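Survey of secondary and tertiary structure
In case you want the letters, here they are:
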Amino acid sequence: MAKVIYKVGDDISTDIIYPGRYMATVLPTETPQFAFDDIEELNSSLNSKPKDESAVLIGGRNFGCGSSREQAASTLKGHNLTIVAKDFARIFLQNSINLGLNTIICPTIEADQGDELEILPGKVINKTKGKSFDTIPLPAARKAIVDAGGLIPYTQKLLKERT
Amino acid sequence: MSQTIVQKILAKASGRQSVEPGEVLEPKVSLAMSHENAALVLNQFQEIYKDLDCPAKVWNPSKIAIIFDHRVPAESKKTATNQKKVRNFINEQGITKFHDIRGDEGGICHQILPESGYVLPGSLIVGTDSHTTTHGALGAFSFGIGATEMASVWALGNILNVEVPATIKVVINGELPKYVTPKDIILHLIGKISAEGANFKVLEFHGTTIQNMPTSGRLTICNMAVEAGATSGIVPPDAETVRYLREEAGFTGEIELLQPDKDAQYDTIVEIDATKLEPQIACPHTVDNVKPVSEVEGIKIHQVVIGSCTNGRLDDIAQAADILRGKKVDKSVRMLVFPASSRIYTQAVEAGYVTDLMKAGAVVMNSGCGPCLGVHQGALGDGETALATTNRNFKGRMGNPVSDVYLASPVVAAYSALFGVISNPLKGGK
């Protein structure tokens, strides 16, 4: 069970998630402080939340569009967020899978700030609204990366097989 | 089986006869490009090797390109130190395709790659920049990836988990009217199919307008394919591609002109009549909020930016110079010009364009990504508006979340600079 910390609209770009002015900061340990820096309310609730406490961010369509900057995924992972969105832009989704940021594709999701969600295989249950929404599973090949714990361990596994 | 051009490239790179949309492959990479974010890539690369017994060597140093363009010269000690780390890594690994900030061979990655002859038709290119779609202009399958994915490519030489994309065929026919440019075609297309209209798909460009277009314009169109969500844009290579590679890129090797099959299967077909287009503007804050310039005339602008990987090529600068020659940029406007490469800058100096622009009041900056993404120079003040030939107008993009960015061609941008408001060159006045 996790609480919705915030809800954003459609076409949330990586410039909004992680503004370009912080792009010289690259390390996943340092990026979380700048998450959604231009949405002050969201930035401060993320930075005041205990890092290990999980929370859900609700996105609309085309979440993560724009730049390929991986900081957009690492900054959200650093806050232990799950992103439930109607759909995602390609590079952001792949970056999230590679880094182990939990992304749920849920085309019909209805949820508002403060709602309690239960995320199960194949569906998201909004306990507050008493409704259930189907999710779209990741393709098998991408699931292999998730199951390996991210792209770094997956690549390590392939390198070991080659030598 | 009949295939699109991208299917053929993916089949070749995967050692297969043919592939079908939806299949997942691990193709070999022909070229792996990064810019300053190589600092993050190398951090992730070292993470991969941290617990392994084998030495941390890249798979093939001649197939990696690194171009410093996002923050040149360095704007902070953090950037300068990141750049230093990357230079050290380049030396250790023997990476040869490195373009530092230099007046002879520096520039923006998406111009350096084609003009240096690094992009060949039929090749598979990945880059840690979303506008890596640009290189489809020369018939390559070229797409943006993240830094960890690039670290994996540096280690393996393969890109993992590539799903064969479906392809949208875009057919553009007819001669472009006066003052209408390749930028207007791509803005119109993005407005028509939306910012996610090509998500996870390829845009393959056909038609007489494309066939008669120089590589420069094709680069502009493929550059912005990602703004419709496309994995890549691609133009079937032809005689113009060969001309560009031989005459402009100085490439002397063999060139294979891989073509899509006549009966290839397309997801959808989109047709555009180029003769009916007028100059287009993408309005804040999404690239698909596109209107003809006649609907947005008169909006006050404070900054004009001409340049970037989208529209910083010699013909773009020539168009701006032709409009501004002997005239003055309005006193209420700051006009910044960023040539896409040092080579183009030199050509613009030799052709007299730089003098024309400077006498008109524009400032010609060193080649780089500059204000396009608000990381270095040219930020907007609160409540200000920019008209730019760049590729994104997202909220906060030009360094300030309470500012507006409109996107247009160099023709509309230069013409509007004269009046301080968005202006329609078709009308010959404000």
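Residues numbered from 1 in each chain as written. Chains lettered and ligands numbered in written order. Predicted model: local features only at pLDDT ≥ 70, side-chain atom pairs only at ≥ 80, totals over all residues.

**A closer look at the overall build of chain B**
Counting its regular elements, chain B contains 14 helices and 18 strands. The C-alpha atoms of chain B give 21 Å as radius of gyration, which agrees with the globular expectation for 430 residues (22 Å, within 12%). Counting only C-alpha atoms, chain B reaches 65 × 55 × 40 Å along its principal axes. In chain B, which comprises 430 residues, the share counted as buried stands at 60%. The contacts of chain B with a sequence gap of at least 6 include a subset with a gap of at least 24, amounting to 77%. (Helix = DSSP H or I, 4+ residues; strand = E, 2+ residues; numbered from the N terminus. Rg over C-alpha atoms; globule rule 2.2 N^0.38 Å. Buried ≥ 20, exposed ≤ 12 C-beta atoms within 10 Å, placed from the backbone. Contact = placed C-beta atoms within 7 Å.)

**Considering the sheet that holds strand E10 (residues 232–234) of chain B**
Residues and elements named next belong to chain B. Read across the open sheet, the four strands follow the order E10-E9-E8-E11; overall the sheet is parallel. In this open sheet, the two edge strands, each paired with only one partner strand, are E10 and strand E11 (268–273). If you compare each strand with its neighbour and ignore which way they point, the axes differ by 20° on average. By the bridge criterion, six bridges tie strand E8 (residues 166–173) to E11 in an arrangement that is parallel. Directly across from Val171, in E11, lies its bridge partner Glu271. Against the sheet, helix H1 (residues 5–13) makes contact with E8, strand E9 (201–206) and E10, and its axis sits at roughly 110° relative to E10, the strand it touches most. Helix H6 (residues 182–193) rests against E8 and E11 of the sheet, and its axis sits at about 130° to E11. (Pairing = 2+ DSSP bridges. Axes fitted to C-alpha atoms, helices over the stretch in contact; angles between N-to-C directions.)

**Focus: the sheet that holds strand E1 (residues 2–7) of chain A**
Residue and element names in this part refer to chain A. The strand order E4-E3-E2-E1-E5-E6-E7 describes an open sheet built from seven strands, whose pairing is mixed. Two strands lie at the open edges of the sheet, namely strand E4 (102–105) and strand E7 (131–134), each paired on one side alone. Geometrically, the sheet is characterised by an average inter-axis angle of 30° between neighbouring strands, direction not taken into account.

**Re unusual backbone geometry**
Residues and elements named next belong to chain B. Here Val72 and Pro73 are connected by a cis peptide whose omega angle stands at -15°. Relative to the elements of secondary structure, Pro73 occurs in the loop between strand E3 (64–67) and helix H3 (77–93). The step from Pro284 to His285 runs through a cis peptide bond, and the omega angle for that step is -10°. As for its placement among the helices and strands, His285 is situated in the loop between strand E12 (280–282) and strand E13 (290–292). A positive phi angle is found at Ser308, which is not glycine, with a value near 80°. The topology assignment puts Ser308 in helix H10 (residues 308–311).

**Comments concerning the pairing of E9(B)**
All names here are of chain B. In terms of burial, E9 is largely enclosed, as five of its six residues are buried. Pairing analysis gives six bridges linking E8 to E9, with the strands arranged parallel. Bridged to Ile168 within E9 is Leu203. Crossover E8 to E9 through H6 is right-handed. Where E9 and E10 come together, three bridges link them in parallel fashion. Looking at E10, one finds that Val202 is bridged to Ser232. (Right-handed = clockwise from strand over helix to strand, strands pointing away.)

**Quick look at the nonpolar core**
Generally speaking, a soluble globular protein has its nonpolar side chains buried in company with each other. All names here are of chain B. If you look at the biggest cluster of nonpolar residues, it comprises 182 residues, and the most contacted ones within it are Leu10, Trp154, Ile190, Ile281 and Leu357. Domain assignment of the residues forming this core places at least three in each of domain 1 (5–272) and domain 2 (280–427). Other than its neighbours up to four places away in sequence, Ile190 contacts Ala195, Met224, Glu227, Ala228, Val287, Asp288 and Val290. (Core = buried A, V, L, I, M, F, W, Y, C linked by C-beta atoms within 7 Å. Domains from an automatic or database assignment.)

**Section: the interface of chain A and chain B**
The interface is formed by 37 residues belonging to chain A together with 46 residues belonging to chain B. Only helix H1 (14–17), helix H4 (90–99), helix H5 (140–148) and helix H6 (151–162) of chain A provide two or more residues apiece to the side of chain A that touches chain B. A breakdown of the residues in the side of chain A that touches chain B according to their chemical character gives 17 nonpolar, twelve polar and eight charged. (Nonpolar A, V, L, I, M, F, W, Y, C, P; charged D, E, K, R; others polar.)

**Focus on H1(B)**
Because the α-helix completes a turn every 3.6 residues, residues three or four places apart line up on one side. All names here are of chain B. Most of H1 is tucked away: eight of the nine residues are buried. Turning to H1, its buried residues are Ile5, Val6, Gln7, Lys8, Ile9, Leu10, Ala11 and Ala13. One or two residues past the end of H1 sits Gly15, with phi positive at roughly 65°.

**Some points on the packing of H6(B) against helix H8 (residues 215–223) of chain B**
Residues and elements named next belong to chain B. It is the contact of H6 with H8, at a shortest axis distance of 8 Å, that shows an interaxial angle of 25°. It follows that H6 is roughly parallel to H8 by the angle criterion. Here H6 and H8 pass one another in a crossing that is right-handed. Contact residues: H6 offers Pro182, Lys183, Ile185 and Ile186, while H8 offers Gly217, Thr220 and Ile221. Per-class residue counts for the contact of H6 with H8 are four nonpolar, two polar and one charged. (Parallel < 35°, antiparallel > 145°, perpendicular 65-115°, else oblique. Left-handed = near helix turned anticlockwise from the far one by under 90°.)

**Topic: the environment of Asp184(B)**
Residue and element names in this part refer to chain B. In this structure, Asp184 sits in helix H6. Between the C-alpha atom of Asp184 and that of Pro410, which follows or precedes it by 226 residues, the distance is 10 Å. When residues no more than four places from it in sequence are discounted, the contact partners of Asp184 are Leu277, Pro279, Gln280 and Ser409.

**Details of helix H9 (residues 239–248) of chain B**
All names here are of chain B. Every buried residue belonging to H9 is among Thr241, Tyr244 and Leu245, and all of these are buried. Down the axis of H9, the buried set is contained in an arc of 90°. They therefore lie on one face. Facing away from the buried surface of H9 by more than 90 degrees, the exposed residues are Ala239 and Glu247. The secondary structure elements touched by the buried residues of H9 are H8. Directly after H9, the chain includes Gly250, whose backbone phi takes a positive value near 65°. (Arc of directions from axis to C-beta.)

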